[in-house]
Amino acid sequence: MSHHRRSMGSTPILSAALVWLLSAARVIAEEPSSRQAPGLVNPFFVFDNGLGGIQDPPRVLKQLGYAGMGASGLKIGGLLKQYQAEGLKVFSTYVGCRIGPAPAYDPQWKQAIRELKGTGVILWLTVTGGKPGRDDERAAAIVREIADLARDSDLRVTLYPHTGFYVATTADALRLVKKVERNNVGVSINLCHELMTGRGEHLDATIREAVPWLYLVSINGADPKQPGYGWDRLIQPLGRGSFDVYGFLKKLRAAGYRGPIGLQCYAVKGDAIENLRQSIKAWNKYLARMAQEDAAAKPRR
């Protein structure tokens, strides 16, 4: 299996130069829209883990005002059609690869990825297995192989940081994406996992460092991490908890991020539709607040 091959044989200087060029290309490509767009323009979508028990989720999400959803797995052709029929989008799909005994990922992916050609769905990729921080070359080879499959179908891959996985934080994702050296591979910031891993106090630096590679962000209501806090405190409907999500969104905008933002709903208790209604209400309040602040800051003639 190709995940045993070593990384590309470029010299350290050439490798570093290539990483810089890839980063610069992303920034240049995004510059016109990211620096001039007013307000909060990011599409806001829902993870599929927030849709359990809901009949006709596309209709419900459209009525509530969401832009679409994030799926799981690669057999999502039927799902795509359902959401397209409502004028909504499937922004991403959650998939995983593993450092360890072959295969590193499901061999059926090759055909499944071909079937997603032209859809724009981002492969939101977890990386598990291996020894933390010590198997980057093996991990990079696997991600590189998946990225090449995705590139042939005009798709992008985004590393999904997940507590306890090989890529557990956005810092881990950044370290790995620089080794992968593919211009269709990026990173994401998952707020709940940054909080759970104790990286909440470093979010300002994380945003600055990640933005050239940043394809996706996930948010939710939360309380700042304290010893003993579990997911019930770190994943809540948007608008609940004392963590300043609005401030986090303002920092993302200031850094130039204009990409999709997903609502993490893992293990949130209560009625699913009511939780979604609470979250979109909070989102709309953020939009209104940011518009008011923009208007107040605009110079008067």
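Residues numbered from 1 in each chain as written. Predicted model: local features only at pLDDT ≥ 70, side-chain atom pairs only at ≥ 80, totals over all residues. Heavy atoms only, no water.

Brief notes about the packing of aromatic side chains
Next, step 1: Enumeration according to the criterion identifies 9 aromatic pairs in this entry.
Next, step 2: Taken together, a centroid distance of 5.7 Å and an interplanar angle of 40° make the contact between Tyr 246 and Tyr 286 tilted. In this pair, Tyr 246 is assigned in helix H10 (residues 245-254) and Tyr 286 in helix H11 (residues 272-297), connecting sequence segments 40 residues apart. In this pair, the class of Tyr 246 matches that of Tyr 286, namely buried.
Next, step 3: Taken together, the aromatic side chains of Phe 45, Phe 47, Phe 91, Tyr 94, Trp 124 and Tyr 160 make up a single cluster linked through ring pairs. (Phe/Tyr/Trp six-rings, centres within 6.5 Å; stacked < 30°, edge-to-face > 60°. Helix = DSSP H or I, 4+ residues; strand = E, 2+ residues; numbered from the N terminus. Buried < 20%, exposed > 50% of the residue type's maximum accessible area, 1.4 Å probe, protein only.)

Comments concerning the packing of helix H2 (residues 57-64) against H11
Next, step 1: Orientation of H2 relative to H11, taken along the N-to-C sense of each, is 30°, at an axis distance of 10 Å. Between H2 and H11, the angle is such that the two are roughly parallel. Crossing handedness for the pair H2 and H11: right-handed. Mapping the contact onto sequence places Val 60, Leu 61 and Leu 64 in H2 and Ile 273, Leu 276, Arg 277 and Ile 280 in H11. (Axes fitted to C-alpha atoms, helices over the stretch in contact; angles between N-to-C directions. Parallel < 35°, antiparallel > 145°, perpendicular 65-115°, else oblique. Left-handed = near helix turned anticlockwise from the far one by under 90°. Contact = heavy atoms within 4.5 Å.)

So, the side chain of Ser 153
Next, step 1: Turning to its location among the elements, Ser 153 is positioned in the loop between helix H5 (136-152) and strand E5 (157-159).
Next, step 2: The class for Ser 153 is buried, based on a relative accessible area of 2%.
Next, step 3: If near-sequence neighbours (up to four positions away) are discounted, Ser 153 is found in contact with Ile 113, Arg 114, Lys 117 and Gly 118.

Some words on unusual backbone geometry
Next, step 1: For the peptide bond that leads from Ala 102 to Pro 103, omega is -5°, which places it in the cis range.
Next, step 2: Looking at the secondary structure, you find Pro 103 in the loop between strand E3 (89-99) and helix H4 (109-115).
Next, step 3: With a phi close to 60°, Asp 154 is a non-glycine residue in the positive phi region.
Next, step 4: By the secondary structure assignment, Asp 154 is in the loop between H5 and E5.
Next, step 5: Phi is positive for Ala 267, close to 60°, though the residue is something other than glycine.
Next, step 6: Take Ala 267: its relative accessible area is 53%, and that puts it in the exposed class.

Structural notes on the sheet that holds strand E2 (residues 68-72)
Next, step 1: As summarised here, the arrangement of the 8 strands in space is E1-E2-E3-E4-E5-E6-E7-E8, forming a closed barrel in which the pairing is parallel. Strand-to-strand twist of the sheet, defined as the mean angle between neighbouring strand axes without regard to direction, takes the value 30°.
Next, step 2: The sheet contact formed by E2 and E3 spans 5 bridges and is parallel. Across the sheet, Met 69 pairs through a bridge with Val 90, a residue of E3.
Next, step 3: Across the sheet, helix H8 (residues 203-210) lies against strand E6 (185-190) and strand E7 (214-219), angled at about 160° from E6, the strand it touches most.
Next, step 4: With respect to the sheet, H10 is in contact with E6, E7 and strand E8 (261-263), its orientation differing from that of E7 by roughly 170°. (Pairing = 2+ DSSP bridges.)

So, the environment of Gly 100
Next, step 1: Along the chain, Gly 100 falls in the loop between E3 and H4.
Next, step 2: Taking the C-alpha atoms as reference points, Gly 100 and Lys 131, 31 residues apart in sequence, are found 10.0 Å from one another.

Concerning H11
Next, step 1: For H11, with 26 residues, the first-to-last C-alpha span of 38 Å sits near the 38 Å given by 1.5 Å per residue.
Next, step 2: Along H11, the residues classified as buried are Ala 272, Asn 275, Leu 276, Ser 279, Ile 280, Ala 282, Trp 283, Tyr 286 and Met 290.
Next, step 3: N-cap assignment for H11: the residue whose side-chain oxygen lies 3.2 Å from the backbone N of Ile 273 is Asp 271. (Expected span 1.5 Å × (residues − 1). Polar contact = N/O pair within 3.5 Å; in protein donor to acceptor, adjacent residues only side chain to side chain.)

What about the nonpolar core?
General note: in soluble globular proteins, nonpolar side chains tend to be found buried as a group.
Next, step 1: If you look at the biggest cluster of nonpolar residues, it comprises 83 residues, and the most contacted ones within it are Val 127 and Ile 219.
Next, step 2: Take this core: its biggest share by element is 8 residues, from H5.
Next, step 3: Formed by 8 residues, the second largest nonpolar core is a distinct cluster that contains Phe 47, Ile 122, Tyr 215 and Leu 216. (Core = buried A, V, L, I, M, F, W, Y, C linked by side-chain atoms within 4.5 Å.)

Looking at the confidence of the model for the chain
The predicted structure's coordinates, where accompanied by low pLDDT, should not be read in detail.
Next, step 1: Chain-level statistics for the chain give a pLDDT mean of 90 and a share of 87% at 70 or above.
Next, step 2: By mean pLDDT, the top-scoring element of the chain is E8 (99), and the lowest-scoring one is helix H1 (residues 12-36) (42).
Next, step 3: For residues 1-25, every residue scores under 50 in pLDDT, and the model assigns this stretch 35 contacts once sequence neighbours within four places are set aside.
Next, step 4: The low-confidence segment residues 27-37, where pLDDT is below 50, has 9 contacts with residues more than four positions distant or belonging to other chains. (pLDDT = per-residue confidence, 0-100.)

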